[in-house]
Every structure is written in structure tokens, then in C-alpha cells.
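Given next are the chains, with one letter for each unit.
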Amino acid sequence: MNKRSLYLGLAYSIFVIIFKLIIVLGGYSLTKFGFYYSHALSGLFILPFMIIAIKMVRDKDNGGLIGGREAIKVALGVFAVSIIILSAYTYFEFEWKLREISVQYYNGPDYLEFLKHQEKLKPEQYPAVIKEVSGSLSASRAVTAKLFSSFLISVSFAFITSVFMKKK
């Protein structure tokens, strides 16, 4: 693995952890932005780090030239480092705060409104559904869900970035 991928993967991870801590500790987790969009936005933040990594390897290590395969390796290196660190952080964050916040969400008015729009559910079934969903919360499920979406975003960005950044 390239050193620049390692360093920029670490930098991206630190940036995302700070971003998520601001959301959690600032009390924004149950806002529309914090609950629905913050993870997607943190996934999009990887793009500049991949671009910088490829550009640095291309310009400083390879004399201004880089092939597509090498560019993909550099971009996926940033992703690999970050996913290991962010998976550990997500597990910790879920056990520390998000389990409690998720239970608040499922017992709150937004989820109740969501249930009301489900045509197959009757109002007397709402408490059972809420209890079932709240009881099935798991840190490993949270990590897996975030890993999958991060994987889709990052691998796509790695290929797109490598195509535009390569020079032969």
C-alpha cells in the first residue's frame, strides 16, 4: 500500500469522526440532516481525499504520470484504510450513543408518522412493531449497513477518479 493512501485514509477518517462527533455531541442526531443525510455526506467527503492521493502519487512519486490501475490502487487504498478505522468507530459510536438515539427515534413522532403511511399496518400493531424494531438494534448491523453504503460510494468514486486523473 502506498504511504500517501495510508496518510490520506487516516486524514479522511479523522475528518469524518470529527464530523460525526459534532452531530452526536451537538444533539443533531435526530434532526433530518443528522439522521438521514449525515452518513451520505460523510461518504461523499472521501472524493477530495482520493483526488489528492492520486494527484500526489502522480505528481510527486511518478513524475507526472500514473496509469489507471495504479490510480485505482491508490484510491482504493484510501478507502481500505478509512473503512477499517470508521468501522471500529461506528461500532463504538453505536454502543456509546446511537442505540439510545435510535430507540428515541423509533418511539418518536417521525417514526409514528412513517408507520401511519404503511397501508398494511393497523394502528393497534404500532406498539408491537416499535418494540420489535427497538429490540432488534445491533451494532454489527449498523456497521454492516454503513460498510455497504460506503463501499458502493467509495468504489464508484475510485473508478471515476482514476479515469479522470490518470496520465500516460
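Residues numbered from 1 in each chain as written. Predicted model: local features only at pLDDT ≥ 70, side-chain atom pairs only at ≥ 80, totals over all residues. Heavy atoms only, no water.

## Notes on the overall build of the protein
Keep this limit in mind: Helix and strand labels come from DSSP, where a helix needs a run of H or I of at least four residues and a strand needs a run of E of at least two; each type is numbered from the N terminus. With a 1.4 Å probe rolled over the protein chains alone, any residue whose accessible area is under 20% of its type maximum counts as buried; one over 50% counts as exposed, and the rest are partly exposed. When checking whether two residues touch, look at their non-hydrogen atoms; a contact exists if any pair is within 4.5 Å.
Each helix and strand counted, the protein has seven helices and zero strands in total. Along its sequence from the N terminus, the protein presents helices and strands in the succession α-α-α-α-α-α-α. Dimensions of the protein along its principal axes, counting C-alpha atoms only, are 70 × 30 × 25 Å. Put simply, the protein has 168 residues, and 39% of those count as buried. Sequence-distant contacts in the protein: of pairs separated by 6 or more residues, those separated by 24 or more amount to 78%.

## Thoughts on the environment of Leu 121
Following the sequence through the fold, Leu 121 ends up in the loop between helix H5 (109–116) and helix H6 (126–135). Taking C-alpha positions, Leu 121 is 57 Å from Lys 167, a pair spaced 46 residues apart along the chain. Setting aside chain neighbours within four positions, we find Leu 121 in contact with Leu 115, Tyr 126 and Val 129.

## Thoughts on the confidence of the model for the protein
Detailed reading of predicted coordinates is not advised where the pLDDT is low. This is how the line gets drawn: Residue-level confidence of the predictor is what pLDDT reports, using numbers from 0 through 100.
With 99% of its residues at a pLDDT of 70 or more, the protein shows a mean pLDDT of 88. In the model of the protein, H5 stands out as the element of lowest mean pLDDT, 83, in contrast to helix H1 (residues 3–25), which has the highest, 94.

## Here's the deal with the pattern of salt bridges
Stated formally: Any Lys or Arg side-chain nitrogen found within 4 Å of a carboxyl oxygen on Asp or Glu counts as a salt bridge.
One pass over the full model with this rule turns up four salt bridges. For Arg 58, the salt bridge goes to Asp 59, with nearest N and O atoms at 3.0 Å. For Arg 58, a relative accessible area of 7% gives the class buried. Connected through shared salt-bridge partners, Lys 55, Arg 58 and Asp 59 make up one network.

## Points about a nonpolar patch on the surface
Definition in use: To count toward a patch, a residue needs a relative accessible area above 30% and no salt bridge. Like charges then connect within 9 Å, nonpolar side chains (Val, Leu, Ile, Met, Phe, Trp, Tyr) within 5 Å. In short, Shrake-Rupley with a 1.4 Å probe defines the accessible areas, and a residue's cover is counted only from the protein chains shown.
A cluster of nonpolar side chains, namely Met 1, Leu 6, Tyr 7 and Leu 10, defines an oily patch on the protein surface of about 430 Å² accessible area. Relative to the helices and strands, Tyr 7 resides in helix H1.

## Some remarks on the packing of helix H3 (residues 46–61) against helix H4 (residues 68–106)
Stated formally: Helix axes are fitted only over the stretch in contact, all axes being lines through C-alpha atoms; the angle between N-to-C directions runs from 0 to 180 degrees. Orientation categories follow fixed angle ranges, with anything under 35 degrees roughly parallel, anything over 145 roughly antiparallel, 65 to 115 roughly perpendicular, and all other angles oblique. Note: crossing handedness is left-handed where the near helix turns anticlockwise from the far helix by less than a right angle, and right-handed where it turns clockwise.
Two numbers describe how H3 lies on H4: the axes approach to 9 Å, and their chain directions differ by 135 degrees. Between H3 and H4, the angle is such that the two are oblique. Between H3 and H4 lies a crossing of right-handed hand. On the side of H3, the interface is formed by Ile 46, Phe 49, Met 50, Ala 53, Ile 54 and Val 57, while H4 contributes Glu 70, Ala 71, Val 74, Ala 75, Val 78, Phe 79 and Ser 82.

## Things to note about the packing of aromatic side chains
We count it as follows: A pair of aromatic rings is counted whenever rings of Phe, Tyr or Trp (Trp by its six-membered ring) have centres within 6.5 Å, and the orientation is called stacked for planes under 30 degrees apart, edge-to-face for over 60 and tilted otherwise.
Applying the stated criterion across every chain, the model contains eleven aromatic pairs. Ring geometry for Phe 15 against Phe 45: centres 5.0 Å apart, planes inclined by 75 degrees, an arrangement best described as edge-to-face. Residue Phe 15 is located in helix H1, and its partner Phe 45 is located in the loop between helix H2 (32–44) and H3; the two are separated by 30 residues in the primary sequence. Judged by relative accessible area, which is 39%, Phe 15 ranks as partly exposed. Seen in terms of ring centroids, Phe 79 and Phe 151 are 6.1 Å apart; in terms of plane orientation they differ by 55 degrees. Their pairing is tilted. On the criterion of sequence distance, the pair formed by Phe 79 in helix H4 and Phe 151 in helix H7 (residues 139–165) is long-range, its members being 72 residues apart. We classify Phe 151 as partly exposed; its relative accessible area is 41%. Three or more aromatic residues joined by ring pairs form one cluster here, namely Tyr 12, Phe 15, Phe 19, Phe 33, Phe 45 and Phe 49.

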